[in-house]
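Coordinate analysis (summary)
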Amino acid sequence: MRITFFAAKSYDKESFNSIKALYPELELEYWETELSAKTASYVTDSEAICAFVSSDVSEKVLKVLSERGVKLVLMRCAGFNNVDLDAATKYGIKVMRVPGYSPEAVAEHAMSLAMAVNRHLHKAYLRVRENNYSLQGLVGVNFYGKTAGIIGTGKIGAAMAKICHGYGMKVIAYDMYHNPDLDFVEYIEMDELLAKSDLISLHCPLMDSTYHLINIDTIKKMKDGVILINTSRGGLVKTDDLIMGIREHKFFGVGLDVYEEETSNVFENHEDEIMMHSTTARLLSFPNVIVTSHQGFFTEEALEAISRTTMDNARAYLNGEKSGTELN
């Protein structure tokens, strides 16, 4: 079976090629272009395509893929809010994903963002490079003894909770499903978590019920001087309201690995272009905000796990087996 990879970067090719010998029944074809209705129309002789979190897997695209003979969409990521699953089912296309590759990678990046905005590492780094060793404006706070609020305690949220606990923080959480492995976590209602937390980290999926979970109303319920971290999905935060809260000095710091309007930016190099996204420009204008480019997952261990699970998914489909990663 041939698999056509869309938006394949050099690190994707290296990671998948490193294990290709273990899957002789699979032929891999890498395309640098992103998936769209136009690029999908060029697929030939591929029963499967491999897409990523930034890909357009809408009904329009799936219809074209179906016409080109594609029967399987392999998502080399955990998130699938960009996939029209009803349309995939209608066109007879199976969709599979990588539900868990390295929760510790994302959680560690979340804590890295929290520590960086807390201790102003982005500003300190640039100062020292300019031969400026002043400490003015670089004061932070101890995380030890503070309260961390974790919204969503699945695998990544649980990993973040353990990190915060290791820092000596009191950990509280909100989730419809309580994780029995987190015996040190106190589960409380959302409003109470917002009011008590010194650090709030988002680790929940993007669904209708969580869209714009962080908005002006929930921001007003937070402590003054709170640190907010989002390494989950950009749509969890209403950006205009976040900017309003930043301007009103509600936040000590904000760390974002994901944000609204990121789709055309993520994983791409636009350094020689004029920034056209007003939301991104406004976020980057604040001295207490750090934005990274959806790199929370980006470790050697995570890339290997993504490659292996994706290839295992393809093999299971080819053999008519269930892998447990099917979405439809």
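All of the points below concern the structure found in this document. All residue numbers refer to positions counted from 1 along the written sequence of the respective chain. Confidence filtering applies because this is a predicted model: local features only for residues at pLDDT of at least 70, side-chain atom pairs given and counted only at 80 or more, and all residues used for totals across whole chains, interfaces and linings. Note that the side-chain values use all heavy atoms of the structure and ignore hydrogens as well as water.

1. Concerning a negative patch on the surface
Rules: Within this analysis, patches are made of residues with over 30% relative accessible area and no salt bridge. Like charges are joined at 9 Å or less; nonpolar side chains (Val, Leu, Ile, Met, Phe, Trp, Tyr) at 5 Å or less. For the accessible areas, the method is Shrake-Rupley and the probe is 1.4 Å, while residue cover comes only from the protein chains on display. What makes a salt bridge here is a side-chain nitrogen of Lys or Arg within 4 Å of a carboxyl oxygen of Asp or Glu, nothing more. All tallies of charge rest on Lys and Arg as positive and Asp and Glu as negative; His and the ends of each chain are not included. Taken as the charge centre is NZ of Lys, CZ of Arg, CG of Asp or CD of Glu, depending on the residue. A run of H or I in DSSP counts as a helix once it spans at least four residues, and a run of E counts as a strand once it spans at least two, with each numbered from the N terminus.
On the surface, a cluster of negative charge is made up of Glu14, Glu104, Glu108, Glu300 and Glu301. Going through the elements one at a time, helix H5 (103–118) and helix H12 (300–318) are the ones with two or more residues in the negative patch. Relative to the assigned elements, Glu108 resides in helix H5.

2. As for helix H1 (residues 10–17)
Rules: Note on exposure labels: buried denotes an accessible area under 20% of the residue type's maximum, exposed denotes more than 50%, and partly exposed covers the range between, all computed with a 1.4 Å probe on protein chains only. In this context, the arc is that of the directions from the helix axis out to the C-beta atoms. Pairs of residues are marked as contacts when any of their non-hydrogen atoms sit within 4.5 Å.
When we look at burial in H1, the residues that qualify are Asp12, Ser15 and Phe16. Take H1 and look down its axis: the buried residues cluster within an arc of 90 degrees, on one side only. For H1, exposure combined with an orientation more than 90 degrees from the buried face picks out Ser10 and Glu14. In this structure, the buried side of H1 is in contact with strand E1 (2–5), strand E2 (27–30) and H12.

3. A look at the layout of surface pockets
Rule in force here: A cavity here means a set of points on a 1 Å grid, drawn over the protein atoms and nothing else, where a 1.4 Å probe fits but cannot get out; a pocket is an open set with protein on both sides within 12 Å along at least five of seven lines, and a residue lines either one if it has an atom within 4 Å of a point. Grid points are joined across faces, edges and corners, and a volume is the space filled by probe spheres set on the points.
For the largest pocket, the calculated volume is near 1,200 Å³. Around the largest pocket, the lining is made up of 46 residues, and of these His203, Cys204, Pro205, Leu206 and Ser232 lie nearest the centre. Elements supplying a minimum of two residues to the lining of the largest pocket: H5 and helix H7 (155–166). Ranked by residue count, the leading element in the lining of the largest pocket is H7, at four residues.

4. Here we look at the environment of Val226
By the element assignment, Val226 lies in strand E10 (residues 226–230). For Val226, a relative accessible area of 1% puts it in the buried group. For the pair Val226 and Asp198, spaced 28 residues apart in the sequence, the C-alpha separation amounts to 4.9 Å. Setting aside residues no more than four positions away along its own chain, Val226 makes contact with Ser197, Asp198, Leu199, Ile200, Lys250, Phe251, Phe252 and Gly253.

5. Some thoughts on the state of the cysteines
Test applied: The definition used for a disulfide is geometric: two cysteine sulfur atoms within 2.5 Å.
The tally for this structure, following the rule as stated, stands at zero disulfides. Left without a disulfide partner, Cys50 is nearest to the cysteine sulfur of Cys77, which lies 8.4 Å away.

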